[in-house]
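Residue-level listing of the chains:
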Amino acid sequence: MIKRSLPSSASVANASEDGKLVAPAASRNTDALCALLQEWGPSRGQALEIASGTGQHVSAFAEVLPGLTWRPSEVDPERRVSIDAYTRNSPNVAQVVQLDAAISGWHRRIYGKDLIVLINLIHLISWQETRTIVSEVAQSLSPKGRFILYGPFKRSGQLTSDGDVRFHEALFQQDPEIGYKNNGDILNLFKNVGLHMLATVEMPANNLAFIAERPVV
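Everything numeric here is computed off the predicted structure, so don't read it as measured data.

Draft legend 1. Structural view of the pattern of salt bridges. Tallied over the entire structure, the rule returns four salt bridges. Between E213 and K144 there is a salt bridge, with its nearest N and O atoms 3.2 Å apart. With a gap of 69 residues between them, E213 in strand 11 (residues 207–213) and K144 in strand 7 (residues 141–151) connect regions that are remote in the sequence. Overall, E213 belongs to the buried group, its relative accessible area being 8%. What makes K144 partly exposed here is its relative accessible area of 48%.

Draft legend 2. Just the sheet that holds strand 7, in detail. As summarised here, the arrangement of the seven strands in space is 5-4-3-6-7-11-10, forming an open sheet in which the pairing is mixed. On the outer flanks of this sheet lie strand 5 (97–98) and strand 10 (196–203), each paired with one strand and no other. When strand 3 (residues 45–50) meets strand 4 (residues 68–74), the two strands line up parallel, connected through five bridges. Residue Q46 lies in a different strand from strand 4, and its bridge partner there is T69. Seen against the sheet, helix 2 (residues 56–64) touches strand 3, strand 4 and strand 6 (113–119) and runs at an angle of roughly 175 degrees to strand 4. In this fold helix 4 (residues 127–140) packs onto strand 3, strand 6 and strand 7, with an angle of close to 150 degrees to the strand it touches most, strand 7.

Reading guide: rules and limits
Going along each chain's sequence as written, the residues are numbered from 1 onward. Restriction of local features to residues with pLDDT of at least 70 applies here, the model being predicted, together with a cutoff of 80 or more for giving and counting side-chain atom pairs; totals for whole chains, interfaces and linings are based on all residues. No hydrogens and no water enter the side-chain calculation; it runs on all heavy atoms of the structure. Basic side-chain nitrogens of Lys or Arg form a salt bridge, by our definition, when they fall within 4 Å of a carboxyl oxygen of Asp or Glu. The way it works is that DSSP assigns letters per residue, a run of H or I at least four long becomes a helix, a run of E at least two long becomes a strand, and they are numbered from the N terminus. Any residue under 20% of the maximum accessible area for its type is buried, any over 50% is exposed, and the rest in between are partly exposed; the area is computed with a 1.4 Å probe on protein chains only. A pair of strands is considered paired only if DSSP assigns at least 2 bridges between the two. Every residue pair with non-hydrogen atoms within 4.5 Å of one another is taken to be in contact. Helix axes are fitted to C-alpha atoms over the stretch in contact, other axes to C-alpha atoms as well, and angles between N-to-C directions run from 0 to 180 degrees.

Okay, structure coming up:
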């Protein structure tokens, strides 16, 4: 994604001696996300994680969903090194690919995916970048392929906790084009790109997960 100087709480990762980066947010939400994917993800097929970050998530996902072959992706070279460190001994994780998913056209080289996962990114990018990513995802999925989008969102245009208000305002002050997106706008965007909504799931720490599917035409 387009790199920005974001508030320190937005995307923190600390280095360890073995080359792995550790993001506290990923440490906190991994178990909940694994449970979500076990419930809503396919048991077999090809999976892509967009913006894999440190690699903590995809390593855990590959362990709890061993029937899927996972392809992590990341635009940041330092984080790609970390992803490799987490996944080098995971038999069902392919090598991380360099991908800026906010640039249109990548569905032509990354396609036929049975599952695409995107975690904690949408509030850090613009609405135009969000539209591009979701449109590319819709074209990258196989028929009946699923898209799971997770993160903090407004509900009916409202921020629903003091922590969300502070975080959104910090993001907006840094860049007026970024910040929390509205759940209703996300649902409309999915519809506009041809994705069928299956569920919206309330997650810990006031987050939401959107589960959508590419219909069979």
